[in-house]
Amino acid sequence: LARGIRHTTVRHAHRKYEPDFHDKYGNLVLLGGAVVFSTIWGYVFTQVGIEWGLSPVGRVTPKEWRE
C-alpha cells in the first residue's frame, strides 16, 4: 500500500505543469477590463453634461422682501 501511494505521489510530482486559462490570459483580461472601464467613465465624465458645480451661489436669486 505504501509503495502504491509513493508511486502515485512521484508520478504527480514529475508531471509537466500545463498553464490554465488564468495563466495564459489573466493579465490580458485584467488590462482589457481596465481599458474598457476607463473609456466608459471617461466618456461619461466628459460628454454626458453632468454639472459638477453643486453650489447654488450665482444661480439662486433672492426674492423681494415683503413688509
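Within any chain, residue numbers begin from 1 and follow the written order of that chain's sequence. The predicted origin of the model limits local features to residues at a pLDDT of at least 70 and limits the giving and counting of side-chain atom pairs to 80 or more, whereas totals for whole chains, interfaces and linings rest on all residues. In computing side-chain values, all of the structure's heavy atoms are included and hydrogens and water are not.

An unreviewed UniProt entry lists the protein under the name Cytochrome c oxidase subunit 7B, mitochondrial, with Atlantisia rogersi given as the organism. UniProt positions are given in the numbering used here, feature names are shortened, and annotations may be inferred rather than shown by experiment. For the record of the protein, the UniProt heading Subcellular location (unreviewed entry) holds the text "Mitochondrion inner membrane". One UniProt comment on the protein, placed under Pathway (unreviewed entry), says "Energy metabolism; oxidative phosphorylation."

Novice: Can you lay out the overall build of the protein for me, pointing to particular residues and giving the numbers?
Specialist: Each helix is a run of H or I in the DSSP string that is no shorter than four residues. Each strand is a run of E no shorter than two, and both are numbered from the N terminus. Helix and strand counts for the protein stand at two helices and zero strands. Put simply, the protein has 67 residues, and 0% of those count as buried. Only protein chains enter the calculation, and the probe is 1.4 Å; a residue is then buried if its accessible area is under 20% of its type maximum, exposed if over 50%, and partly exposed in between.

Novice: Quick rundown of the packing of aromatic side chains? Include the residues and the values.
Specialist: Planes of paired rings set the category: under 30 degrees apart is stacked, over 60 is edge-to-face and the rest tilted, where pairs are Phe, Tyr or Trp rings (Trp by its six-membered ring) whose centres lie within 6.5 Å. For the structure shown, the criterion picks out three aromatic pairs. Aromatic side chains Phe-21 and Tyr-25 sit 5.1 Å apart centroid to centroid with 50 degrees between the ring planes, which places their arrangement in the tilted category. Residue Phe-21 and its partner Tyr-25 are located together in helix α2 (residues 21–47), separated by four residues, close to a single helical turn. Of the residues examined, Tyr-25 reaches a relative accessible area of 39% and is grouped as partly exposed. The interplanar angle of 35 degrees and the centroid separation of 5.5 Å between the aromatic rings of Trp-41 and Phe-45 together place this pair among those described as tilted.

Novice: Just give me the short version of the UniProt feature "transmembrane region" (unreviewed entry) in the protein, but keep the residues and values in it.
Specialist: When the UniProt feature table is mapped onto this chain, "transmembrane region" (unreviewed entry) is found at residues 25–44. Taken end to end, residues 25–44 is 100% helix and 0% strand, and its first and last C-alpha atoms sit 28 Å apart.

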